[in-house]
Amino acid sequence: NSVVETAIENAAPTIMVKSKRVGGSVYQVPVEVKPKKRLFYSIKWILEASRGKSGKPMFKRLAEELLAAYSGQGAAVKKKEEVHKMADANKAFAYMAKYIN
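Rules used throughout
- Residues numbered from 1 in each chain as written.
- Predicted model: local features only at pLDDT ≥ 70, side-chain atom pairs only at ≥ 80, totals over all residues.
- Heavy atoms only, no water.
- Phe/Tyr/Trp six-rings, centres within 6.5 Å; stacked < 30°, edge-to-face > 60°.
- Helix = DSSP H or I, 4+ residues; strand = E, 2+ residues; numbered from the N terminus.
- Buried < 20%, exposed > 50% of the residue type's maximum accessible area, 1.4 Å probe, protein only.
- 1 Å grid on protein atoms, 1.4 Å probe; cavity = no way out; pocket = protein on both sides within 12 Å on 5 of 7 lines; lining within 4 Å.
- Points joined across faces, edges and corners; volume = space filled by probe spheres on them.
- Nonpolar A, V, L, I, M, F, W, Y, C, P; charged D, E, K, R; others polar.
- Salt bridge = Lys/Arg side-chain N within 4 Å of Asp/Glu carboxyl O.

K.L.:
How would you explain the packing of aromatic side chains if you had to name every residue and give the values?
P.N.:
A full pass over the atoms with the stated rule returns three aromatic pairs. Ring geometry for Y27 and F93: centres 4.8 Å apart, planes at 50°, overall tilted. Linking Y27 in strand 2 (residues 25-32) with F93 in the segment after helix 4 (74-89), this pair joins segments that are 66 residues apart in sequence. Since its relative accessible area comes to 22%, Y27 is described here as partly exposed. Ring centres of Y41 and W45 lie 5.6 Å apart, and the angle between their planes is 40°; on these two criteria the pair is classed as tilted. Here Y41 and its partner W45 are both found in helix 2 (residues 35-52), four residues apart, which amounts to about one turn of the helix. Like W45, Y41 is buried. By the ring-pair criterion, three or more aromatic residues cluster together here, those being F40, Y41 and W45.

K.L.:
So, the layout of surface pockets: which residues are in play, and what are the values?
P.N.:
In this approach a probe as big as a water molecule rolls over the atoms, and the regions it shows empty are the leftover space. Considering only enclosed or pocket space, the largest pocket measures out at about 390 Å³ in volume. In terms of lining residues, the largest pocket is bounded by 15 residues, among which M16, K18, V31, E32 and V33 are the most central. Among the secondary structure elements, those contributing two or more residues to the lining of the largest pocket are strand 1 (15-22), strand 2, helix 2 and helix 4. Classifying every residue of the lining of the largest pocket by side-chain character gives nine nonpolar, one polar and five charged.

K.L.:
So what's going on with the pattern of salt bridges? Residues and values would help.
P.N.:
Enumeration according to the criterion identifies four salt bridges in this entry. Residue R38 is joined to E9 by a salt bridge in which the shortest nitrogen-to-oxygen separation is 3.1 Å. Placement of the pair is R38 in helix 2 and E9 in helix 1 (residues 3-11), with a sequence separation of 29 residues. In this structure, E65 engages K53 in a salt bridge whose closest nitrogen and oxygen atoms are separated by 3.4 Å. Taken as a pair, E65 in helix 3 (residues 58-70) and K53 in the loop between helix 2 and helix 3 lie far apart in primary sequence, 12 residues in all. Overall, E65 belongs to the buried group, its relative accessible area being 2%.

Structural data, given as structure tokens:
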């Protein structure tokens, strides 16, 4: 496995929340993320984290973010953990997942 593959895998979410409106309330329903979407989100978050930094050329910022994600740190991995925490907090609404396309 290369460093890039491992970094992307470390930043990929397995579960996310989706909003579902039932009656007058909006529920955050945890749903599993499909493999293609996992890849999309992990790359997106790594790029966003790289763009968010300043003072260095993009290639250096991207390299730093990839190395951080490889070692399980960095903004992209933190974002993934936040998403997982949110899904974990809303486990009570998991039964509504069947109503989401």
